[in-house]
Amino acid sequence: MTVRDKLFGNWGRGAAWQFDAPHGGSGAVELTKRRPVYSLTKNGAVSGNMRVNLSWQMRTSDFDGRGPGRGSVRHPFRKFTPEVVQAQGTAMVTVDLDLACMYELWDGSKGVVQPLGNILGTINAPPYVQLSGDDRFGSGAGETLYINMDHRDEIKRLLVFVYIYDGTPAFDRTQATVTLYPGNGPRLEVALHERAPEARSCAVLLIENDKKEIVVRREMRYVYGFQSELDRLYGWGLQWGRGYKSSKV
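Source: prediction; values computed, not measured.

## Points about the sheet that holds strand β8 (residues 121–122)
Strand order in the open sheet formed by seven strands is β1-β13-β12-β3-β10-β9-β8, with mixed pairing between adjacent strands. With one partner strand each, in any of the chains shown, β1 (28–30) and β8 form the two edges of the open sheet. Bridging between strand β3 (residues 49–55) and strand β12 (residues 177–181) involves five bridges; their strand directions are antiparallel. Bridge pairing links S55 to T177 in β12.

Following this line, the structure appears as structure tokens:
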């Protein structure tokens, strides 16, 4: 059974359509340093199923003269094959970005949803967050987190982050974009284009619920370690160990 089958196995076609249909909002809101906060509550986007998508690919234009248009993250359904980037020097490198989420519920439960360890979460039971799967090559669909906002009263905070599991640290060369699709209103976009040499993880969005209002906050805090370093930065208090993915096929 695929992750998609598990995700929609107990739901009717209507629920599946709710995830897969194109977003009906007009345009997009880019979260920036000057405009880092968006209120889901004030914009009536606190119910239904919210998704957070990571789209990325290696950018080759800086190294081999080709333009950035091919397979752009702005065209998520365009087909392309994995590309290799010429790093400084003679080594050829690829990169594998992962989308993940630390969660904290109001009952005190804490944890992480991530590809490492195949910890994909659940959508209809705690933590009410589920990951679509693991994209290792920067395909058009990317990776997507689904958040069940109908259980918003049980969610205290969610930290959406991206880390480089494998490959040379080069966030500025991946054309990575994290896009949040609320149940209502415009989509929210954050581009991971800042130069952060050697950084392997980035806290992108913090979704906080103080029981009066749910807000999305642009973080964009790069760190040189992985989950444990982000944990310390945000005071999650989880125990971490070394993790690996299964062999690529």
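What follows continues from the structure just given.
## What about helix α4 (residues 227–234)?
Along α4, the residues that are buried comprise Q227, L230, D231 and Y234. Along the long axis of α4, the arc covered by the buried residues comes to 105 degrees, so they all point the same way. Once α4 finishes, G235 follows within two positions and takes phi at roughly 65 degrees, a positive value.

## Topic: unusual backbone geometry
Look at the link from P126 to P127: it is a cis peptide, with omega at 15 degrees. Position of P127 relative to the elements: it lies in the loop between β8 and β9 (129–131). Of note, the phi angle at Y128 is positive, near 65 degrees, even though the residue is not glycine. Classification of Y128 as buried rests on a relative accessible area of 5%. One non-glycine residue, K211, adopts positive backbone phi at about 75 degrees. Locating K211 in the fold gives a position in the loop between β14 (201–209) and β15 (214–223).

## What about the pairing of β3?
Side chains on a regular strand alternate between the two faces of the sheet. The buried fraction of β3 is high, at seven of seven residues. Burial along β3 is two-sided: the face carrying N49, R51, N53 and S55 and the face carrying M50, V52 and L54 are both buried. As paired strands, β3 and strand β10 (residues 143–148) are joined by six bridges and run antiparallel to one another. The residue of β10 that forms the bridge with N49 is N148.

## Describing the packing of aromatic side chains
Overall, the coordinates contain one aromatic pair when judged by the stated rule. Over the face of the ring belonging to W236 we find R157, whose NZ or CZ atom lies 3.7 Å from the ring centre. Sitting over the ring of W106, K211 keeps its end group 4.4 Å from the ring centre.

## Concerning the environment of G108
Summarising the element assignment, G108 is placed in the loop between β6 (95–105) and β7 (110–113). Along the sequence, G108 and K156 sit 48 residues apart, while their C-alpha atoms lie 8.9 Å from each other.

## Some thoughts on the pattern of salt bridges
By the definition in use, this model includes six salt bridges. One salt bridge connects K42 with E213, and the closest N-O pair in it is separated by 4.0 Å. Residue K42 is located in the loop between β2 (37–39) and β3, and its partner E213 is located in the loop between β14 and β15; the two are separated by 171 residues in the primary sequence. Look at E213 and you get partly exposed, because its relative accessible area is 24%. Of the charged contacts in the structure, one is a salt bridge between R187 and E189, with a shortest N-O distance of 3.1 Å. Because the salt bridges share partners, they merge into one network encompassing E104, K156 and R157.

Scoring rules and cut-offs
- Residues numbered from 1 in each chain as written.
- Predicted model: local features only at pLDDT ≥ 70, side-chain atom pairs only at ≥ 80, totals over all residues.
- Heavy atoms only, no water.
- Pairing = 2+ DSSP bridges.
- Helix = DSSP H or I, 4+ residues; strand = E, 2+ residues; numbered from the N terminus.
- Buried < 20%, exposed > 50% of the residue type's maximum accessible area, 1.4 Å probe, protein only.
- Arc of directions from axis to C-beta.
- Phe/Tyr/Trp six-rings, centres within 6.5 Å; stacked < 30°, edge-to-face > 60°.
- Lys NZ or Arg CZ within 6 Å of the ring centre and 35° of its normal.
- Salt bridge = Lys/Arg side-chain N within 4 Å of Asp/Glu carboxyl O.

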